[in-house]
Amino acid sequence: MILFAIESSCDETSAAVVKAEDGRFTVLSNIVSSQIAIHALYGGVVPEIASRAHCEAITNVAREAVREAGIALSEIDAVAVTFAPGLIGSLLVGVSFAKSLAVSLGVPLIPVNHIEGHVAAAYIEHEELRPPYLALVVSGGHTSLYRVPDYTTFEEIGASRDDACGEAFDKVGRVMGLPYPGGAAMDKLATAYFEDPDPEKLSFPFPSPAVTDDSYDFSFSGLKTAVINTIHNEKQRLKTDTLPDDVRRAIAGSFTKTVCGGISKKLSAALKETGAGTLVLAGGVAANSHLRRAVAETCRRRKTAFSVPSLPLCGDNAAMIAAAGYHLLSAGITADSALNAFASDEAAEDYLAGLRSRHNP
Ligand code: KG4
Ligand code: ZN
């Protein structure tokens, strides 16, 4: 079957055409039009500008996805779309476009939760991956650990109690003067730090994001504030507005080490206590080279299988929405043309729970 998918929850307009056969996926196209250059001027995503940019881009992005896939519109069997969570104006652009397409083609419309889409990205390149497993989603908006007993059920067993992991990367990056979003630049600075063999090199002790109780929760706000205070203190100590490279590297390296350590600690406990045989790491921050290595090592030590999407499938893209959509459709979960968009994850889950109970009363 051929799925056409749309993703527009934040600052990327994406459309994909994906072929699905017995749970195996072939990505025929996955076009991503990023608004990063526009939002970089403001140091963060401006919701109103994001909606307008989606509106301008979506038709061309969709047309390009169909052209690159080399299919006729009549070959599309279903349309999947991110309907939540995210920026409401941005989501509405994708939802409205997807609805019109599904109605005009007379094919099912599948509502996909963006976070579940990130996890489904792992199915595309890991044919062997099957529930049950644990999934950690680390993105700009979310940091959550899920138990995934089947393809369409996500039970949150841990989450950040404040900032998302990616938000901490971006805010620290901004105070360090790195281009928005700071995550990828922080990754490179940390690499330079870890590759420096000097045993005397600077390092900073930062508070762990692993909450000190039996939960699988995280807290990134204390860590973020500690790092930002250190940046200001170092500027004062060195009487400069621009930190020297070795100090920037040490801050990025110490921050990254603390993030990886905190996440590995909670994951290790969760793997041990749940007895999960497989872990999926997903979301934009799953592109971080140090986190990928740290989580792979945690899984190796716990003898747990590990799946993480390749870098282009970690960030927001529509192919992951198609993969999630395929499993929802297989479970009979589709929306009608009254589908709405929701900013919050809770509203999205309530809506999907309603659809599930209608299908399995
Ligand atoms: O999943 P995503 O594309 O969008 C949301 O759903 O939020 O995640 C974006 C986040 C941003 O915070 C960005 O800085 C972060 O992913 N990110 C990274 C890296 N690449 C992207 N963070 C750390 N290291 C990276 N290499
Ligand atoms: Zn995302």
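Predicted, not measured: the structure shown is a model, and the values here were computed from it.

> Mind laying out the coordination of the zinc ion (ligand 2), listing which residues take part and the relevant values?
At this site the zinc ion (ligand 2) is bound by His 114 (NE2), His 118 (NE2) and Asp 316 (OD), with donor distances of 2.0 to 2.1 Å. Donor residues for the zinc ion (ligand 2), ordered by position in the chain, follow H-x3-H-x197-D. Note that His 114 and His 118 are positioned in helix α4 (residues 114–125) at a spacing of four residues, about one turn of the helix. The same class applies to His 114 and to His 118, which are both buried.

> Talk me through the pattern of salt bridges; I want residue IDs and the actual numbers.
Taken as a whole and assessed by the stated rule, the structure comprises 11 salt bridges. Arg 161 serves as the salt-bridge partner of Asp 213, at 3.0 Å between the closest nitrogen and oxygen. Placement of Asp 213 in the loop between α6 (183–195) and α7 (221–237) and of Arg 161 in the loop between β8 (153–159) and α5 (165–175) is noted, with a sequence separation of 52 residues between them. For Arg 300, the salt bridge goes to Glu 297, with nearest N and O atoms at 2.8 Å. Taken together, the positions of Arg 300 and Glu 297, both in helix α9 (residues 289–301) and three residues apart, correspond to about one turn of that helix. Several salt bridges converge on common partners, so that one network encompasses Arg 161, Asp 213 and Asp 217.

> Explain the domain arrangement of the protein to me, and be specific about the residues and the numbers.
What the domain assignment lists for the protein is domain 1 (2–128 + 313–359) and domain 2 (133–311). Counting residues at the interface gives 27 residues for domain 1, matched by 23 residues for domain 2. Summed over both partners, the interface of domain 1 with domain 2 comes to about 2,100 Å²; 64% of that surface belongs to carbon and sulfur atoms. Among the residues of domain 1 in contact with domain 2, Ile 115, Val 119 and Cys 314 are the three that bury the most area, contributing 28% of the side total. For the pair domain 1 and domain 2, the number of links is zero salt bridges. Counting every contact that joins domain 1 to domain 2 gives 10 residue pairs in polar contact (both at pLDDT 80 or more). Breaking the side of domain 1 that touches domain 2 down by element, the ones donating at least two residues are α1 (36–40), α4, α10 (311–314), α11 (318–330) and α12 (345–359). No other element matches α4, which puts eight residues into the side of domain 1 that touches domain 2. Residue classes in the side of domain 1 that touches domain 2 are distributed as 14 nonpolar, seven polar and six charged.

> Lay out the site of ligand 1 with the relevant residues and their values.
Near ligand 1, the surroundings consist of 18 residues, among which His 118, Gly 140, Asp 170, Asp 187 and Asn 288 are the closest. Here Asn 288 contributes a side-chain N or O atom positioned 2.9 Å from a nitrogen atom of ligand 1. Within the side chain of Asp 316, one N or O atom sits 3.2 Å away from an oxygen atom of ligand 1. The fraction of the free accessible surface of ligand 1 (550 Å²) that becomes covered by protein chains is 85%. Of all the elements in the fold, those that place two or more residues in the shell around ligand 1 are α4, α5 and α6. Taken together, the residues of the shell around ligand 1 break down into five nonpolar, 10 polar and three charged. Domain assignment of the residues forming the shell around ligand 1 places at least three in each of domain 1 (2–128 + 313–359) and domain 2 (133–311).

> Please give an account of α4 that cites residues and values.
Within α4, 11 of the 12 residues are buried, leaving the element largely enclosed by the surrounding structure. Among the residues of α4, His 114, Ile 115, Glu 116, Gly 117, His 118, Val 119, Ala 120, Ala 121, Ala 122, Tyr 123 and Ile 124 are the ones counted as buried. Sitting at the head of α4, Asn 113 places a side-chain oxygen 2.8 Å from the backbone nitrogen of Ile 115.

> Tell me what's going on with the environment of Leu 73, and back it up with residues and numbers.
For Leu 73, the location among the structural elements is in the loop between α2 (47–69) and β4 (78–84). Separated by 241 residues in sequence, Leu 73 and Cys 314 place their C-alpha atoms 27 Å apart. Those residues in contact with Leu 73, other than ones at most four positions away along the chain, are Val 66 and Leu 105.

> So what about the sheet that holds strand β5 (residues 109–113)? Which residues, and what values?
The five strands lie next to each other as β3-β2-β1-β4-β5, forming an open sheet whose pairing is mixed. The sheet is open, and its two borders are formed by β3 (24–34) and β5, each paired with just one other strand. Sheet twist, expressed as the average angle between the axes of neighbouring strands with direction ignored, equals 20 degrees. Pairing analysis gives four bridges linking strand β1 (residues 2–7) to β4, with the strands arranged parallel. Its bridge partner being in β4, Leu 3 is matched across the sheet by Ala 78. Contacting β1, β2 (12–21), β3, β4 and β5, α11 runs over the sheet at an angle of about 125 degrees to β1.

Reading the values: rules and limits
Residues numbered from 1 in each chain as written. Chains lettered and ligands numbered in written order. Predicted model: local features only at pLDDT ≥ 70, side-chain atom pairs only at ≥ 80, totals over all residues. Heavy atoms only, no water. Donors = N, O, S within 2.8 Å, 3.2 Å for Na, K, Ca; no water. Helix = DSSP H or I, 4+ residues; strand = E, 2+ residues; numbered from the N terminus. Buried < 20%, exposed > 50% of the residue type's maximum accessible area, 1.4 Å probe, protein only. Salt bridge = Lys/Arg side-chain N within 4 Å of Asp/Glu carboxyl O. Domains from an automatic or database assignment. Contact = heavy atoms within 4.5 Å. Buried area = accessible area lost by both parts, 1.4 Å probe. Polar contact = N/O pair within 3.5 Å; in protein donor to acceptor, adjacent residues only side chain to side chain. Nonpolar A, V, L, I, M, F, W, Y, C, P; charged D, E, K, R; others polar. Near = heavy atom within 4 Å. Areas by Shrake-Rupley, 256 points an atom, 1.4 Å probe, with all protein chains shown as cover. Pairing = 2+ DSSP bridges. Axes fitted to C-alpha atoms, helices over the stretch in contact; angles between N-to-C directions.

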